[in-house]
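Fold and geometry: a report
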Amino acid sequence: MDTLSSSERVAPGQAQGASRFRGLSKAYGAIVEWSIIGLFFFVPLFVLPVTIDALEVNKQTLLVLVTFVAALAWLGQMVSKRELTFRRGWLNFFPLMYVVTVGVSAVTSLTGFTSWVGQTSQEYMSFLTAVSLGVLFYLLVNNASESRVQRRIFGALILSATIIAVGMLFHFFNVPIFGYLGGDTRVFNPIGTINAATIFLIAVTLLANGLWLVGKARAGELAFKKTAGALLSVATVVLTLSTIVIASALDYWVLWVILLTGISILFAFALVRAGEFPETGRFILPMALFVVALLLLFLPTPINFRLPVEILPSYSASWDITSQTLTNTSSLFGSGPGTFAIDYAKYHSTDLNTTGFWAVRFDRATSHIFTVIATLGIVGTIIYLAFILSLALRALGRLTREQDHAEWKATFVLFASWFALVVGSFLYSSNLTLTFLLFGLGGVLAAQVMLRVRTVSFNKSPRMGLAFSFLFVVVAVGIVTGLFVTGQRYAAEIAFAQAVRAEAAGESLDTVIQKLDSAATFNRLSDVYYRNLSQALLLKVREELSEGQIPEDKTQLVQALVATSINAAKRATDLSPNNVANWEVRGAIYREVSAVVGGADAFAVMSFETANALEPASPKHLTDLGRSYLVFAENARVLTGSKDQATADAAQATVSDNLKKAEDVLLRSIELKADYAPAHYYLAIVYEREGRLADAIAKMESVKRYNPLDVGVAFQLGLLYLRQGKYDLAEVELARAVELVPTYSNARWFLAAIYEQQGKIEEAIAQVQGVLETNPDNQLVAAKLERLKSGQVESVIPEPVEAGEETAVDVTEGQPEN
């Protein structure tokens, strides 16, 4: 007998449709789940050698694409199920507000593309990354609450970290297993700096040890199947031991504090809920971690791989720059995402000019929270800290009150690892992987503490169903658009990398220019590409002019190259007017063409004055300005021989005026950095052009009597003697400068030039080798050494080492290591 009324009967087509929608819902759910798991495994590991920055831009691209695909699948799942399910709670408020705050900060930013999308290792601070992390958080909150999903996330993350840890140890022993990615150095790893990689390993080690303490949990909790559990146990032991060795090799107090904080949290809650840990033997592994960390926090490490040391500004210097940034820019929204390098250039102290890192522009503070304060302002910092504090308080409340064993253990495993990352963000800088892990583990933790779930059926609310269907289409279109834009941006990065490698391989300048032009065409919003294109075009102009008289058929070509170079430089400063590097290049171009382009001299002066205003502590921009005045003087000197007396007199006045201006700014440069060789070099030329070499030498000799240990005085006096042709006296002074400061590269450089003039080739080679030891990556010095060894002698006095070898492509290297 039919037991259904006519209104309750389900037609065959309806049943098939319902079945199809259930199938779609499962498929969408699988996409969401495996996308999330894949991110935790691949983001730390993901490195591609096709871009200059093999790490950050590739990781960001992966994060954006996978996160947005997962978001689309999540929306599709809700549409197919015809219901909206989400976890309620005020924690949802903070990620959204963080994204909005970063967006507002990007609108008011000191730069454009870097704040919105990110470049030159600043992807982790960009608005695009903030959006992706916000979406990831909501995906995790609503899709990672089940123990099954959490097990897979934890397993993927632990396996990823184990691979990285073992790879780092191989590199320590000069076995570069990441060499195929271009990582052939002893400190290369897929995370970033070696300290950042170790913080990542510490966080995952804490997670693994939390799982280890939980042990063989009951079914339905965090238990793995037999084979997977055995594999994870081996990975945990290997990861823990590797992390101990790596952290011991670095012996950086910040690492020990982070590790001790996390282990202490594990032990504290293990003592509070001792009944949850029947297998007490499992405490041996984390206890070993604790003992090693505590001992090496106060005692010297027994392990020494002689690894390079990462260089960062001090905490006090970082805070000084941060406070000045808030005072002089928007205190509410900061200088903009990814702009700390601009802040550093403008506000760092002149005290750094006495160190070897005076020319480095650090792109982040020592503490990530300082970077956040400077770049996102008071509002962004409050939102960031409120999110962390709220999540921490909710997690602590759950750990102290939760009675369900499975739920308590999941929170216990997560909290120590996540909180260690929080501590790390206060004590150390960050990058994309660390930021991803902080938000990722935070999302899983939020899924544990946000218990209220609301479900809204589209059948009861047709308007909401229609709205979500429309949102699904909009997001799909947005993802397709994002794929296209991301693809173009990525193509630009690849073209730029090809340009850099083409120049390094000695390929033609035309090839380099073509690749740079492709990069600028693919991405018209990046000042980096236009700046480098401008440099390359300028070198092409020099190449054409070096051939002597320009044929008529090439005149228009040279004019077009000059115009294009100027336009590219102007485009760079228009895109990022607060980036000092853009003004340096623009000023150099105007200086070079000042003899043939009317008004270029005024633009050169304006460019270098702007650069000096953006980086007032650096002696370089004043020296560049002084060099420009010298060029202008030489341009005018040609007319001093004019038969027209008025023209000749005006030209002579111009020469004198420019030499005086050159002297003034060069002396100001030397006040900033007493041993800045280019300033001394060009100042000696000024004195020579003014016919004042003897007076200048007499003055410096008197200064020497009162300051016999002043290396700057010895160096400048040596240069003045050199300009005067008194090689014996110059040799004495420069040798004295080397004796005072053996690492003074330019003193050795010019001493080598004197030996070369005197025919003492072996002595010259020895001095240049000393310069190369201090400047191992300087191709100009390496080439000079090869020429000397082959017996090629030059009669021209060289420019200083700091003046460097001009290249078509200038790549920002990020945080330095020494």
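Throughout what follows, the structure given in this document is the object of discussion. Since the model is a prediction, treat every value here as computed from it, not as a measurement.

Helix and strand content of the chain: 30 helices and two strands. Reported as C-alpha extents along the three principal axes, the dimensions of the chain are approximately 125 × 60 × 50 Å. Expressed as a percentage of its 818 residues, the buried residues of the chain come to 54%. Of the roughly 34800 Å² of accessible surface on the chain, 61% is carried by carbon and sulfur atoms. Taking the 64 positively charged and 70 negatively charged side chains of the chain as two groups, their mean positions are separated by 14 Å.

Let us look at helix 5 (residues 127-143). Given a rise of 1.5 Å per residue, 17 residues ought to cover 24 Å, and the 24 Å separating the end C-alpha atoms of helix 5 matches this to within 8%. By the criterion of burial, helix 5 is predominantly enclosed, with 13 of the 17 residues buried.

Before going further, it helps to spend a moment on the nonpolar core. The biggest cluster of nonpolar side chains holds 137 residues, and the ones touching the most others in it are F40, I153, F200, L201, F412, W418 and L437. Counting residues per element, this core draws most heavily on helix 7 (residues 194-214), which supplies 15 residues. Those residues in contact with F200, other than ones at most four positions away along the chain, are P44, L157, A161, I164, I191, T433, L434 and L437. V558, L659, V711 and A747 belong to the second-largest nonpolar core, a separate cluster that totals 94 residues.

The subject of this paragraph is the layout of surface pockets. When its volume is computed, the second largest pocket comes out at roughly 510 Å³. Lining the second largest pocket are 25 residues, with V117, L128, G482, V485 and T486 sitting closest to its centre. In terms of residue class, the lining of the second largest pocket is built from 15 nonpolar, nine polar and one charged.

Taken together, the side chains of M287, V291, L294, L295, F298 and L299 define a hydrophobic patch exposed on the protein surface, amounting to about 570 Å² of accessible area. Following the sequence through the fold, L299 ends up in the loop between helix 10 (284-298) and helix 11 (315-328). On the accessibility criterion, L299 (47% relative accessible area) is partly exposed.

Here we come to the packing of helix 26 (residues 711-724) against helix 28 (residues 745-757). In contact at an axis separation of 11 Å, helix 26 and helix 28 are set at 25° when each is read in the N-to-C sense. On the basis of the axis angle, helix 26 is roughly parallel to helix 28. Helix 26 and helix 28 meet at a crossing whose hand is left-handed. In contact with F715, L719 and L722 of helix 26, helix 28 contributes N746, A747, F750 and I754. Of the residues in the contact of helix 26 with helix 28, the class split is six nonpolar, one polar and no charged.

Moving on to the packing of helix 6 (residues 147-172) against helix 8 (residues 226-250). The geometry of helix 6 relative to helix 8 is characterised by a closest axis approach of 9 Å and an angle of 45° between their N-to-C directions. Looking at the two axes, helix 6 sits oblique to helix 8. Judged by the sense of rotation from one axis to the other, the crossing of helix 6 with helix 8 is left-handed. Where helix 6 abuts helix 8, its residues G155, I158, L159, A161, T162, A165, V166, M168, L169 and F172 lie against L231, L232, A235, T236, V238, L239, S242, V245, I246 and A249.

The next point concerns the side chain of T111. Inspection of the secondary structure puts T111 in the loop between helix 3 (93-107) and helix 4 (113-116). Side-chain polar atoms of T111 contact the side chain of S576, separated by 2.9 Å. Residues in contact with T111, not counting those within four places in the same chain, are T339, I342 and S576.

On to empty space enclosed by the protein. Scanning the model with the defined rule gives two cavities of 30 Å³ or more in all. Approximately 170 Å³ is the volume attributed to the largest cavity. Considering the residues around the largest cavity, the lining is formed by 19 residues, among which H368, Y384, S430, T435 and L438 are closest to the centre. Contributions of two or more residues to the lining of the largest cavity are made by helix 5, helix 13 (368-401), helix 14 (405-427) and helix 15 (432-449). Among the elements that take part in the lining of the largest cavity, helix 15 stands out by supplying four residues, more than any other. A class-by-class count of the residues in the lining of the largest cavity yields 12 nonpolar, seven polar and no charged. Computed from the structure, the second largest cavity encloses a volume of approximately 30 Å³.

Of note in this structure, D251 is not a glycine but carries a positive phi near 50°. Structurally, the position occupied by D251 is in the loop between helix 8 and helix 9 (253-272). The residue R306 is not glycine, and still its phi comes out positive at about 55°. Considering the arrangement of structural elements, one finds R306 in the loop between helix 10 and helix 11. The class of R306 is exposed, set by a relative accessible area of 70%.

For the rest of this paragraph, the subject is the packing of aromatic side chains. In total, this model carries 32 aromatic pairs according to the counting rule given. For the pair F172 and F305, a centre-to-centre distance of 5.2 Å together with 45° between the ring planes defines the contact as tilted. Placement of the pair is F172 in helix 6 and F305 in the loop between helix 10 and helix 11, with a sequence separation of 133 residues. Residue classification places F172 among the buried positions, given a relative accessible area of 2%. For F305, a relative accessible area of 13% corresponds to the buried category. On the numbers, 5.9 Å between centres and 25° between planes, the contact of Y681 with F750 is stacked. Placement of the pair is Y681 in helix 24 (residues 677-690) and F750 in helix 28, with a sequence separation of 69 residues. F750 matches Y681 in its accessibility class, with the two residues each being buried. Through successive ring pairs, a cluster of aromatic residues spans Y98, F137, Y138, Y384, F387 and F439. The cationic tip of R282 hangs over the ring face of W212; the distance from NZ or CZ to the ring centre is 4.7 Å. A cation over a ring is seen here: R394 above W90, with NZ or CZ 5.9 Å from the ring centre.

Before going further, it helps to examine helix 24. Residues separated by three or four positions in an α-helix point in the same direction, a consequence of the helix having 3.6 residues per turn. Between its first and last C-alpha, helix 24 extends 20 Å over 14 residues, near the 20 Å set by a 1.5 Å rise per residue. If you check which residues of helix 24 are buried, you get A677, P678, A679, H680, Y681, Y682, L683, A684, I685, V686 and Y687.

A word on the side chain of S430. With respect to the helices and strands, the residue S430 is situated in the loop between helix 14 and helix 15. On the basis of relative accessible area, S430 is assigned to the buried category, the value being 8%. Of note is the side chain of S430, whose polar atom sits 3.0 Å from the side chain of T435. When near neighbours in sequence (up to four residues on either side) are disregarded, S430 contacts Y124, R364, H368 and T435.

This brings us to the pattern of salt bridges. As enumerated under the stated definition, the model contains 31 salt bridges in all. The closest approach of N and O atoms between D363 and R364, which form a salt bridge, is 2.9 Å. Ionic pairing is found between K673 and D675, a salt bridge with its closest N-O pair at 3.0 Å. Exposure remark for K673: the relative accessible area of 5% places this residue in the buried category.

What counts, and at which threshold
- Residues numbered from 1 in each chain as written.
- Predicted model: local features only at pLDDT ≥ 70, side-chain atom pairs only at ≥ 80, totals over all residues.
- Heavy atoms only, no water.
- Helix = DSSP H or I, 4+ residues; strand = E, 2+ residues; numbered from the N terminus.
- Buried < 20%, exposed > 50% of the residue type's maximum accessible area, 1.4 Å probe, protein only.
- Areas by Shrake-Rupley, 256 points an atom, 1.4 Å probe, with all protein chains shown as cover.
- Lys, Arg positive; Asp, Glu negative; His and termini not counted.
- Charge placed at Lys NZ, Arg CZ, Asp CG, Glu CD.
- Expected span 1.5 Å × (residues − 1).
- Core = buried A, V, L, I, M, F, W, Y, C linked by side-chain atoms within 4.5 Å.
- Contact = heavy atoms within 4.5 Å.
- 1 Å grid on protein atoms, 1.4 Å probe; cavity = no way out; pocket = protein on both sides within 12 Å on 5 of 7 lines; lining within 4 Å.
- Points joined across faces, edges and corners; volume = space filled by probe spheres on them.
- Nonpolar A, V, L, I, M, F, W, Y, C, P; charged D, E, K, R; others polar.
- Patch = residues over 30% accessible without salt bridge, like charges linked within 9 Å, V, L, I, M, F, W, Y side chains within 5 Å.
- Salt bridge = Lys/Arg side-chain N within 4 Å of Asp/Glu carboxyl O.
- Axes fitted to C-alpha atoms, helices over the stretch in contact; angles between N-to-C directions.
- Parallel < 35°, antiparallel > 145°, perpendicular 65-115°, else oblique.
- Left-handed = near helix turned anticlockwise from the far one by under 90°.
- Polar contact = N/O pair within 3.5 Å; in protein donor to acceptor, adjacent residues only side chain to side chain.
- Phe/Tyr/Trp six-rings, centres within 6.5 Å; stacked < 30°, edge-to-face > 60°.
- Lys NZ or Arg CZ within 6 Å of the ring centre and 35° of its normal.

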